[in-house]
Amino acid sequence: MKVIILPDAQAVAEYAATQIQQQIARRADSVLGLATGSTPLHTYAQLIERVRRGKLSFRAVRTFNLDEYLGLAADHPQSYRSFMDQHLFSHIDINRENTYVPDGMATDPQQACADYELAIRAAGGIDLQLLGLGRNGHIGFNEPSSSLGSRTRIKTLTSATIADNARFFHADEFQPHLSITMGIGTILEARQITLLATGESKAPAVQAMIEGAISAACPASILQMHPNVTVVIDEAAAQQLKMRDFYQHIEQENQRLQR
Ligand SMILES: O=P(O)(O)OC[C@H]1O[C@](O)(CO)[C@@H](O)[C@@H]1O
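What counts and how
Residues numbered from 1 in each chain as written. Predicted model: local features only at pLDDT ≥ 70, side-chain atom pairs only at ≥ 80, totals over all residues. Heavy atoms only, no water. Pairing = 2+ DSSP bridges. Helix = DSSP H or I, 4+ residues; strand = E, 2+ residues; numbered from the N terminus. Contact = heavy atoms within 4.5 Å. Axes fitted to C-alpha atoms, helices over the stretch in contact; angles between N-to-C directions. Near = heavy atom within 4 Å. Polar contact = N/O pair within 3.5 Å; in protein donor to acceptor, adjacent residues only side chain to side chain. Areas by Shrake-Rupley, 256 points an atom, 1.4 Å probe, with all protein chains shown as cover. Nonpolar A, V, L, I, M, F, W, Y, C, P; charged D, E, K, R; others polar. Buried < 20%, exposed > 50% of the residue type's maximum accessible area, 1.4 Å probe, protein only. UniProt positions renumbered as here; feature names shortened; annotations may be inferred. Phe/Tyr/Trp six-rings, centres within 6.5 Å; stacked < 30°, edge-to-face > 60°. Right-handed = clockwise from strand over helix to strand, strands pointing away.

Observations regarding the sheet that holds strand β9 (residues 192–197)
Alright, step 1. The seven strands lie next to each other as β1-β10-β9-β6-β2-β3-β5, forming an open sheet whose pairing is parallel. Whereas interior strands pair on both sides, the edge strands pair on one side only; in this sheet they are β1 (2–6) and β5 (99–100).
Alright, step 2. With two bridges joining them, strand β2 (residues 31–34) and strand β6 (residues 128–131) adopt parallel strand pairing. Each bridged residue has a counterpart across the sheet, and for glycine 33 the counterpart in β6 is glutamine 129.
Alright, step 3. Against the sheet, helix α1 (residues 9–26) touches β1, β2, β6, β9 and β10 (229–234), its axis set at about 155° to β10.

Laid out in structure tokens, this is it:
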């Protein structure tokens, strides 16, 4: 696990946007795994800016989102499809047909999950998966106790996640308690993973993910088993790390080696 500690959320976004830009430079038709939530918003703003400046093109890129609320139509304002359209897709030169988000209104949701797995496979797998981190250590909507080998499926949200995400819904609006999410096994098949976490509220989950035991109690801890993970965090999210100085020392050494 590569742990990058940066001063603030803006620096985290710039780092993540550069990783995505480098991936697309390596392969124009890259397959990206994308995330929702508030954390990647700055990264998406960076990507939009780089496309506007002509430094980056998504023309041949394909994307697969991690998750969607079960029971929300694609055009519902709180659906993750709407989120992606609003915060990224409608501002960049991506072919909309190349953007995949699980279908929250599928008549047969289990079949839709199996089809999502097949679509990822047919695209050749995910080159770079972007992840956020739940305060309880979830990745995608894989809540604590999720099987560490799980595939795309229907998941029940914890009351903590429902409460965390209530801020996106009006008081009288239906807030789903179920989701379709890529499984942890699905996520682990990505060739490269970049996880972003910012703010003090993420500090306990960040510590458990990086320095705790691998356990379904903290689903993100399974990333310790992946050979190509970069965890990009700000100072606030890093504050409970016991070996924080060591991670910064490693990064300084890496930069020296590169020079
Ligand atoms: O970035 P946020 O808004 O803190 O959310 C963290 C995580 O929670 C989710 O929004 C799901 O609750 C994920 O999509 C995200 O990775």
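Section: the site of the ligand
Alright, step 1. If you check the shell around the ligand, you find 14 residues, and the closest are Ser38, Thr39, His138, Asn165 and Lys202.
Alright, step 2. Within the side chain of histidine 138, a nitrogen or oxygen atom sits 2.9 Å from an oxygen atom of the ligand.
Alright, step 3. One of the side-chain nitrogen or oxygen atoms of arginine 167 is found 3.0 Å away from an oxygen atom of the ligand.
Alright, step 4. When the free accessible area of the ligand is taken as 380 Å², the share hidden by the protein chains comes to 94%.
Alright, step 5. Of the residues that constitute the shell around the ligand, the class distribution is three nonpolar, nine polar and two charged.

Looking at the environment of glycine 132
Alright, step 1. Along the chain, the position of glycine 132 falls in the loop between β6 and β7 (153–156).
Alright, step 2. The sequence separation of glycine 132 and leucine 188 amounts to 56 residues, and the corresponding C-alpha distance is 14 Å.
Alright, step 3. Once residues lying within four places of it in the same chain are set aside, the contact partners of glycine 132 are Ala35, His138, Ile139, Leu195 and Leu196.

Digging into the pairing of β6
Alright, step 1. Neither face of β6 is open: one carries Leu128 and Leu130, the other Gln129 and Leu131, and all of them are buried.
Alright, step 2. Here β6 runs beside β9; their pairing, made up of four bridges, is parallel. Note that in β9 the partner of leucine 128 across the bridge is glutamine 192.

Some remarks on the UniProt feature "domain: Glucosamine/galactosamine-6-phosphate isomerase" (unreviewed entry) in the protein chain
Alright, step 1. When the UniProt feature table is mapped onto this chain numbering, "domain: Glucosamine/galactosamine-6-phosphate isomerase" (unreviewed entry) sits at residues 9–226.
Alright, step 2. Annotation note: span residues 9–226, helix share 33%, strand share 14%, distance between end C-alpha atoms 24 Å.

Comments concerning the packing of aromatic side chains
Alright, step 1. For the structure on display, the rule yields eight aromatic pairs.
Alright, step 2. Taking the centre distance of 5.6 Å and the plane angle of 45° together, the rings of tyrosine 69 and phenylalanine 141 count as tilted. In this pair, tyrosine 69 sits in strand β4 (residues 67–69) while phenylalanine 141 sits in the loop between β6 and β7, placing the two residues 72 residues apart along the sequence.
Alright, step 3. The buried category is assigned to tyrosine 69, whose relative accessible area is 1%.
Alright, step 4. Geometrically, the ring pair formed by tyrosine 80 and phenylalanine 83 is edge-to-face, given 6.4 Å between the ring centres and 65° between the ring planes. Taken together, the residues span about one helical turn, with tyrosine 80 and phenylalanine 83 both in helix α3 (residues 80–87) at a distance of three residues. The residues tyrosine 80 and phenylalanine 83 share a single accessibility class, namely buried.
Alright, step 5. Of the aromatic side chains, those joined through ring pairs into one cluster are Tyr69, Tyr80, Phe83, Phe141 and Phe169.

Concerning the pairing of strand β3 (residues 62–65)
Alright, step 1. With burial as the criterion, each face of β3 is covered, one bearing Arg62 and Phe64 and the other bearing Thr63 and Asn65.
Alright, step 2. In the sheet, β2 pairs with β3 via four bridges, with the strands oriented parallel. Note on β3: the bridge partner recorded for glycine 33 is phenylalanine 64.
Alright, step 3. On the question of chirality, the crossover connecting β2 to the parallel β3 by way of helix α2 (residues 41–52) is right-handed.
Alright, step 4. Note: β3 against β5, two bridges, orientation parallel. By the bridge assignment, threonine 63 is partnered in β5 with threonine 99.

Focus on the sheet that holds β4
Alright, step 1. Read from one edge to the other, the open sheet built from three strands follows the order β4-β8-β7, with strand pairing classed as antiparallel. Here the strands that pair on one side only, and so sit at the sheet edges, are β4 and β7. The average undirected angle you get between the axes of adjacent strands in this sheet is 30°.
Alright, step 2. Sheet topology note: the β4/strand β8 (residues 178–181) ladder contains three bridges and is antiparallel. When the bridges of β8 are listed, glutamate 68 appears paired with isoleucine 180.
Alright, step 3. Packed on one face of the sheet, helix α4 (residues 109–122) meets β7 and β8 and runs near 120° to β7.

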